[in-house]
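# Remarks on the overall topology
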Amino acid sequence: LSGLEFACGIPGHIGASIAMNAGAYNEDISGILKEATVLTPENEVITMSNEELEYSYRNSFLKRNKKYIVLSATFMLKEGNIEEMQKVVEERKQKRIATQPYDQANAGSVFRNPEGNAAGALIEKANLKGYCINDAQVSTKHANFIVNKGNATGKDIIELIEKIQKEIKDKENIELRLEQIIVR
């Protein structure tokens, strides 16, 4: 079945991907999700349609209402040509390997792309590529990734995120918003 090729290589779990509307290559979960069964804060099990999930770029009803828990999901996939699907997945995998720090510990893309801009390009323009706070480093391969050079702590990573946000706000008057969710 075809439809999830875009998701190959995106770190995370399906529940979080549904809540965050994870995506890549101009496709995302909202384009293929029919409905999700969720547990409400009142301990009711309900089914929410794609429309009820109120999807937008890296956002949804579930992301804004964190006490809802995804239990299952139904996707609208279609029959596809296995060879073509494998070719797309392999091409995208190779592109990611070439452009992202797959060989270093990281949690994926850090910031959402601001409208009309690429977060990585803004960070690189601010001369932060390679910038470190202890062992937390802005990747030298792709500036929208923070890598752990060995012993970075959560505190180091959060400080680095805040440093990047401040620099971009000061230099470009753009507020970088996290794509990742920090759990404290």
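Look up: the structure comes first, before these words.
Everything numeric here is computed off the predicted structure, so don't read it as measured data.

A few words now on unusual backbone geometry. In this model, Y25 sits at a positive phi of 55 degrees, which is unusual for a non-glycine residue. With respect to the helices and strands, the residue Y25 is situated in the loop between strand 1 (23-24) and strand 2 (27-28). The class for Y25 is partly exposed, based on a relative accessible area of 27%. Positive phi outside glycine occurs at N127, with the angle close to 60 degrees. In this structure, N127 sits in the loop between helix 4 (119-125) and strand 7 (132-133). Given the relative accessible area of 68%, N127 is considered exposed.

In this section: the packing of aromatic side chains. Inspection of the entire model under this criterion finds one aromatic pair. The ring centre of Y25 lies 4.4 Å from the NZ or CZ of R92, which sits over that ring.

Across the sheet, which stays open at both edges, the four strands sit in the order 6-9-8-7 with antiparallel pairing between neighbours. Each edge of the open sheet carries a strand with a single partner, namely strand 6 (105-106) and strand 7. With two bridges connecting them, strand 6 and strand 9 (residues 146-148) associate as antiparallel partners. Of the residues in strand 9, the one forming a bridge with A105 is N148. Docked against the sheet, helix 5 (residues 154-172) engages strand 7, strand 8 (136-138) and strand 9, running at close to 30 degrees with respect to strand 8.

Read across the sheet, three strands follow the order 4-3-5 without closing on themselves; strand pairing throughout is antiparallel. The sheet is open, and its two borders are formed by strand 4 (45-49) and strand 5 (69-75), each paired with just one other strand. The mean inter-strand angle of the sheet, taken between neighbouring strand axes irrespective of direction, is 25 degrees. Relative to strand 5, strand 3 (residues 33-39) runs antiparallel, the two being bridged by six bridges. When the bridges of strand 5 are listed, L33 appears paired with F75.

Let's shift gears to the pattern of salt bridges. Here the structure, examined in full by the defined rule, presents 11 salt bridges. Here K171 makes a salt bridge to E167, at a shortest N to O gap of 3.3 Å. Note that K171 and E167 are positioned in helix 5 at a spacing of four residues, about one turn of the helix. When its relative accessible area of 46% is taken as the criterion, K171 is described as partly exposed. By relative accessible area, which is 16% here, E167 ends up buried. Linking K169 and E175 is a salt bridge whose minimum nitrogen-to-oxygen distance equals 3.6 Å. Given the relative accessible area of 33%, K169 is considered partly exposed.

The rules we used
- Residues numbered from 1 in each chain as written.
- Predicted model: local features only at pLDDT ≥ 70, side-chain atom pairs only at ≥ 80, totals over all residues.
- Heavy atoms only, no water.
- Helix = DSSP H or I, 4+ residues; strand = E, 2+ residues; numbered from the N terminus.
- Buried < 20%, exposed > 50% of the residue type's maximum accessible area, 1.4 Å probe, protein only.
- Phe/Tyr/Trp six-rings, centres within 6.5 Å; stacked < 30°, edge-to-face > 60°.
- Lys NZ or Arg CZ within 6 Å of the ring centre and 35° of its normal.
- Pairing = 2+ DSSP bridges.
- Contact = heavy atoms within 4.5 Å.
- Axes fitted to C-alpha atoms, helices over the stretch in contact; angles between N-to-C directions.
- Salt bridge = Lys/Arg side-chain N within 4 Å of Asp/Glu carboxyl O.

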